[in-house]
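A structural walkthrough
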Amino acid sequence: MLRVVVMVSGGGTNLQAVLDALRDGKITNAEVVGVISNKKDAYALTRAADAGIPAVCVSPKDYAERAQFDEALLAAADSFSPDLVVLAGFLVILPAALISRYRNRMINIHPSLIPSFCGKGFYGLRVHEEVLARGCKVTGATVHFVDEGCDSGPILLQKAVEVKRGDTPETLQRRVMEEAEWQLLPQAIDRIANGRVTFEAGHAYAEP
Ligand code: GAR
């Protein structure tokens, strides 16, 4: 059983997609053993509680120094002894120690087709605003492993989504979630849990 910890900051719809996929047998050989939020009022915490999953909040507001928060975050992750850390809308700059501890064992979902619309400042609705501002006809989502850069680690899965005339950032965000994110993240966890992910020359590959 792959022990999965999910880190969240907000609504937690991606967390919910993972929990639903586990319930429906679309992810096998894995369990979510803990949820970590940096925000006390994140609705994702309610979703975790409803599913009976231990959840903790580690908020930067509770620490005088960033280094103390970093330590507490790492300790919280370690406390669940995870095999895989999943960043599902976790909007915090990661401590270097967390990245190196979980190298090739930490994935992130990003709401665009990396390397477009990613990196510093591109998160949440901002991404979709920029996609619309550029007049793109196609966007999507990406699951990638996490390295020291911002959205720069090995890409594992991607899915394209159509941009429609008249889209608002909100309608586009919803379509990207429904058609890409909520499918890709469970798929990625299932592939990892079942040993169907390999690395070669710095790239990651998932077998169907
Ligand atoms: C998702 O769209 C996710 O891709 C995005 O935040 C949202 C969280 O929604 N993540 C990023 O932008 C990371 N750069 P959720 O809390 O409902 O899953």
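To be clear, the structure that these remarks concern was listed above.
Model, not experiment: these values are computed from the prediction.

1. Section: the sheet that holds strand 4 (residues 84-87)
The strand order across the open sheet formed by 7 strands is 3-2-1-4-5-6-7, and the pairing between neighbours is mixed. Every interior strand has two partners, whereas the edge strands, strand 3 (55-57) and strand 7 (155-162), have only one. Neighbour to neighbour, the strand axes of the sheet diverge by 20 degrees on average, direction disregarded. The sheet contact formed by strand 4 and strand 5 (residues 106-110) spans 3 bridges and is parallel. Within strand 5, the position partnered with Leu-87 by the bridge is Asn-108. Across the sheet, helix 2 (residues 43-50) is in contact with strand 1 (2-8), strand 2 (30-37) and strand 3; its angle to strand 3 comes to roughly 155 degrees.

2. Here's the deal with the environment of Gln-158
Counting through the fold element by element, Gln-158 comes out in strand 7. Residues Gln-158 and Glu-200, 42 residues apart in the sequence, show an inter-C-alpha distance of 18 Å. Among the polar contacts made by the side chain of Gln-158, one reaches the main-chain carbonyl oxygen of Ile-114 at a distance of 3.0 Å. One polar contact links Gln-158 to Thr-142, side chain to side chain, over a distance of 2.9 Å.

Procedures and definitions
- Residues numbered from 1 in each chain as written.
- Predicted model: local features only at pLDDT ≥ 70, side-chain atom pairs only at ≥ 80, totals over all residues.
- Heavy atoms only, no water.
- Pairing = 2+ DSSP bridges.
- Helix = DSSP H or I, 4+ residues; strand = E, 2+ residues; numbered from the N terminus.
- Axes fitted to C-alpha atoms, helices over the stretch in contact; angles between N-to-C directions.
- Contact = heavy atoms within 4.5 Å.
- Polar contact = N/O pair within 3.5 Å; in protein donor to acceptor, adjacent residues only side chain to side chain.

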